[in-house]
Amino acid sequence: MTEPITGVVAPVVTPINEHGDLAVDRVADSVAFTLECGCHAVVASGTGVQETAALAPEERKTLISETVDAVDGRKPVLAGVSYPAQSVVSDLVSHAEDAGVDGLLAMPPWGMPPSHDAIVRYYEAIAAETELPILVYNNPAVTVDMAKETMLAVARIDGVEYVKESSRDWQKVGWLLERIHHAGHAEVFTTMDVLLPTLQAGGSGAVVPAPATVPAMRVYEAYRDGDLETAVRAQRSFGTFPPDEVTTGLTAVCKAATRLSGVDVGPPRPPYDDVGDDGLAAIDAWLDEQDVPTL
């Protein structure tokens with residue numbers, strides 16, 4: 001990866017078939033939809049919305065390889081290497097390197113909550129095994145909520161070049177932007193909900209799944225071009241996504257939206273809930289309003 005990643009980083013949703021198995025034959029279609037919606041880089045099997053914690057390590061390896069093949073050099077690819085066991089993380093790092101990814105994404109271990117020191121050792125071990133740039137991903141919905149002091153300690157590790165904060169806590173985001181981003185330790189990314197204020201405060205962008213990448217790209221491009229009015233209008237799109245009629249999490253919403261857009265990625269992996277009929281109708285209306293492409 002010759003240029004630093006900025007802007008919109010899109011996790012490719014994981015296709016699951018009617019039997020609850022990984023639908024390997026549909027990965028390329030999921031990648032195609034992600035790229036059609038727009039982004040500056042993609043993630044293979046690394047975030048909560050990608051159902052990472054519900055996938056076996058061998059399935060994750062398959063997703064990494066298939067995603068790299070489908071992207072075919074059009075965008076940088078970050079591979080998710082998070083896992084509760086350091087030995088499995090090492091195996092995923094090795095596979096990701098062999099697959100030809102451009103960087104790694106790692107959440108802290110999940111399950112038994114790790115201490116500050118354990119988290120730092122975890123990232124130090126990853127950095128010691130690779131020359132690839134690392135994106136540190138704080139996602140309390142899947143694993144622990146790293147304290148800002150822990151994130152700063154991790155950002156100071158050689159090889160850590162990006163940090164993603166999933167909370168909408170602007171006090172924490174502002175602290176991270178000042179102490180990590182502007183201090184020159186790592187680029188800071190946030191979420192779609194605070195993309196515009198992140199850019200205004202000097203941050204790098206956000207990690208956003210398709211189809212929410214459609215308005216996210218509008219925010220990024222309008223702000224880059226100095227058109228704040230358009231950027232604000234696009235940012236407001238996230239105030240109705242997910243729609244109020246949806247009672248499931250973001251994974252189910254993004255998978256339903258992808259199916260409605262013509263790409264069969266299936267439901268969330270059992271036992272997790274899919275979107276109901278009222279939610280589907282509301283998502284479909286949002287897709288039309290945002291002019292999300294169909295395949």
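Here, every reference points to the structure presented above.
Residues numbered from 1 in each chain as written. Predicted model: local features only at pLDDT ≥ 70, side-chain atom pairs only at ≥ 80, totals over all residues. Heavy atoms only, no water.

A.B. asks: Quick question: what am I supposed to make of the overall build of the protein chain here?
C.D. replies: Each helix and strand in the protein chain was counted, giving 11 helices and 8 strands. Taking all 295 residues of the protein chain together, the buried fraction comes to 56%. Expressed as a percentage of contacts within the protein chain between residues at least 6 apart in sequence, the contacts between residues at least 24 apart total 69%. Carbon together with sulfur atoms contributes 46% to the accessible area of the protein chain, which is approximately 12,100 Å² in total. Put simply, the protein chain has 19 plus and 44 minus side-chain charges, and the middle of one group is 4 Å from the middle of the other. (Helix = DSSP H or I, 4+ residues; strand = E, 2+ residues; numbered from the N terminus. Buried < 20%, exposed > 50% of the residue type's maximum accessible area, 1.4 Å probe, protein only. Contact = heavy atoms within 4.5 Å. Areas by Shrake-Rupley, 256 points an atom, 1.4 Å probe, with all protein chains shown as cover. Lys, Arg positive; Asp, Glu negative; His and termini not counted. Charge placed at Lys NZ, Arg CZ, Asp CG, Glu CD.)

A.B. asks: It is not clear to me how the sheet that holds strand β2 (residues 41-44) should be interpreted in this structure. Could you clarify?
C.D. replies: Hydrogen bonds along the backbone pair up the strands of a sheet, which may run parallel or antiparallel. Around the barrel, which closes on itself, the 8 strands sit in the order β1-β2-β3-β4-β5-β6-β7-β8 with parallel pairing between neighbours. Across the sheet, the mean angle separating the axes of adjacent strands is 25° when strand polarity is ignored. Pairing of strand β6 (residues 160-165) with strand β7 (residues 187-190) involves 3 bridges; the strand directions are parallel. Of the residues in β7, the one forming a bridge with Val163 is Val188. The sheet contacts of helix α4 (residues 116-129) involve β4 (103-106) and β5 (134-138), and relative to β5 the element is tilted by about 160°. (Pairing = 2+ DSSP bridges. Axes fitted to C-alpha atoms, helices over the stretch in contact; angles between N-to-C directions.)

A.B. asks: Got a minute to help me understand helix α11 (residues 277-290) in this structure?
C.D. replies: Along its 14 residues, α11 runs 20 Å from first to last C-alpha, staying within 8% of the 20 Å computed at 1.5 Å per residue. Looking at α11, one finds that the buried residues are Gly279, Ala282, Ile283, Trp286, Leu287 and Gln290. The arc that holds the buried residues of α11, viewed along the axis, is 145°, so those residues lie on one side. What points out from α11, more than 90 degrees from its buried face, is the exposed set Asp277, Asp278 and Asp288. Count one or two residues on from α11 and you reach Asp291, which has phi positive near 55°. (Expected span 1.5 Å × (residues − 1). Arc of directions from axis to C-beta.)

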